[in-house]
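Structural description and commentary
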Amino acid sequence: GAVVSQHPSRVICKSGTSVKIECRSLDFQATTMFWYRQFPKQSLMLMATSNEGSKATYEQGVEKDKFLINHASLTLSTLTVTSAHPEDSSFYICSARTGDGYTFGSGTRLTVV
Amino acid sequence: AQSVTQLGSHVSVSEGALVLLRCNYSSSVPPYLFWYVQYPNQGLQLLLKYTSAATLVKGINGFEAEFKKSETSFHLTKPSAHMSDAAEYFCAVSRLTGANNLFFGTGTRLTVIP
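Residues numbered from 1 in each chain as written. Chains lettered and ligands numbered in written order. Predicted model: local features only at pLDDT ≥ 70, side-chain atom pairs only at ≥ 80, totals over all residues. Heavy atoms only, no water.

What follows deals with the overall build of chain B. Regarding its fold elements, chain B presents zero helices and eleven strands. Counted from the first residue to the last, chain B has its helices and strands arranged as β-β-β-β-β-β-β-β-β-β-β. Compactness check: chain B gives a C-alpha radius of gyration of 13 Å against a globular reference of 13 Å for 114 residues, within 12% of the reference. With respect to the three principal axes, the spread of C-alpha positions in chain B is 45 × 30 × 20 Å. (Helix = DSSP H or I, 4+ residues; strand = E, 2+ residues; numbered from the N terminus. Rg over C-alpha atoms; globule rule 2.2 N^0.38 Å.)

Quick look at the structure:
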């Protein structure tokens, strides 16, 4: 089946630095990738939708200059958390639309210290 | 607009007992409905999905769900709980067409008591 590979699985960074999270579709072309954020013991909240070759669409309240999304190819989408702060610590998950369903990356646990 | 409501943030069952996780949806158009399971610090694994075919959907690990339009429900069941079923379960809805994202419920944490 369709697989999305997400890296890194865990990252710890210092406050003020930037972190890049990658999601690759391994055996299919992901025209659209969704980026979610999950706070502890909470549900997944959509942050943005990225379409290959165009600008991402951000949900209300999500800072596009802080959470940079690039979807330059049909197999790679990246989320860069810029100037990270402790409140950005969270679990980030990508998802791609596949046929009549969705496939998810394994998630990235970001801790900002 | 689409949304789902999961009743009960925590459900505890004894090993071997029936599992019932509730999900009600709201959708202005015919929906796709999904159940996902999430283990700690992992992504989401699809259990089953409803895509306007059979209303009783069978998924992996012995789970099934029934789409009831009259009740706008899509409850998840399993006849006999196993210890390995302990996890977080999410119900989700999306539209049938277009590159649309999933709307997730708040999740239900299932605890299985030995």
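Once you've had a look at it, read on.
What follows deals with the packing of aromatic side chains. In total, this model carries 15 aromatic pairs over all chains according to the counting rule given. Between A:Phe104 and B:Phe104, the ring centres sit 6.0 Å apart and the planes meet at 65°, which makes this aromatic pair edge-to-face. On the criterion of chain membership, the pair formed by A:Phe104 in strand E10 (residues 101-104) and B:Phe104 in strand E10 (residues 103-104) is interchain, its members lying in two chains. Of the two residues, A:Phe104 and B:Phe104, neither departs from the other in class, the shared state being buried. Considering the side-chain rings of B:Tyr32 and B:Phe34, the 6.2 Å spacing of their centres and the 70° angle between planes classify their relative orientation as edge-to-face. B:Phe34 shares its class with B:Tyr32; the two are buried. In textbook terms, an aromatic cluster arises when at least three aromatic residues are bridged by ring pairs, as seen for A:Phe34, A:Tyr36, A:Tyr102, A:Phe104, B:Tyr32, B:Phe34, B:Tyr36, B:Phe90 and B:Phe104. (Phe/Tyr/Trp six-rings, centres within 6.5 Å; stacked < 30°, edge-to-face > 60°. Buried < 20%, exposed > 50% of the residue type's maximum accessible area, 1.4 Å probe, protein only.)

Residue and element names in this part refer to chain A. Mapped onto the fold, Ser-54 is located in the loop between strand E5 (44-51) and strand E6 (57-58). On the basis of relative accessibility, which here comes to 42%, the residue Ser-54 falls in the partly exposed class. It is 28 Å that separates the C-alpha atoms of Ser-54 and Val-11, two residues lying 43 residues apart in sequence.

At the interface, 19 residues of chain A touch 22 residues of chain B. Here chain A and chain B share zero salt bridges between them. Inspection of the region where chain A meets chain B yields five residue pairs in polar contact (both at pLDDT 80 or more). Put simply, the parts of the chain that give the side of chain A that touches chain B at least two residues each are strand E4 (32-38), E5, strand E9 (90-98) and E10 of chain A. Among the elements that line the side of chain A that touches chain B, the one with the most residues is E4(A), at four residues. Of the residues assigned to the side of chain A that touches chain B, the class counts are eight nonpolar, seven polar and four charged. (Contact = heavy atoms within 4.5 Å. Salt bridge = Lys/Arg side-chain N within 4 Å of Asp/Glu carboxyl O. Polar contact = N/O pair within 3.5 Å; in protein donor to acceptor, adjacent residues only side chain to side chain. Nonpolar A, V, L, I, M, F, W, Y, C, P; charged D, E, K, R; others polar.)

The next thing to look at is the state of the cysteines. Disulfides are covalent bonds that link the sulfur atoms of two cysteine residues. Counted by the stated rule, this structure contains two disulfides over all chains. Note that A:Cys23 is cross-linked by a disulfide to A:Cys94, the S-S spacing being 1.8 Å. Linking A:Cys23 and A:Cys94, the disulfide has an S-S dihedral of approximately -95° and is accordingly described as left-handed. Residue A:Cys23 is located in strand E3 (residues 19-25), and its partner A:Cys94 is located in strand E9; the two are separated by 71 residues in the primary sequence. Judged on exposure class, the residue A:Cys23 and its partner A:Cys94 are both buried. Here B:Cys23 pairs with B:Cys91 through a disulfide, and the sulfurs are 2.0 Å apart. Negative torsions about the S-S bond denote left-handed disulfides, and the value of about -65° found for B:Cys23 with B:Cys91 makes this one left-handed. Here B:Cys23, found in strand E3 (residues 19-27), pairs with B:Cys91, found in strand E9 (residues 87-95); they are 68 residues apart in sequence, far enough to count as distant. B:Cys91 carries the same exposure label as B:Cys23, and that label is buried. (Disulfide = S-S within 2.5 Å.)

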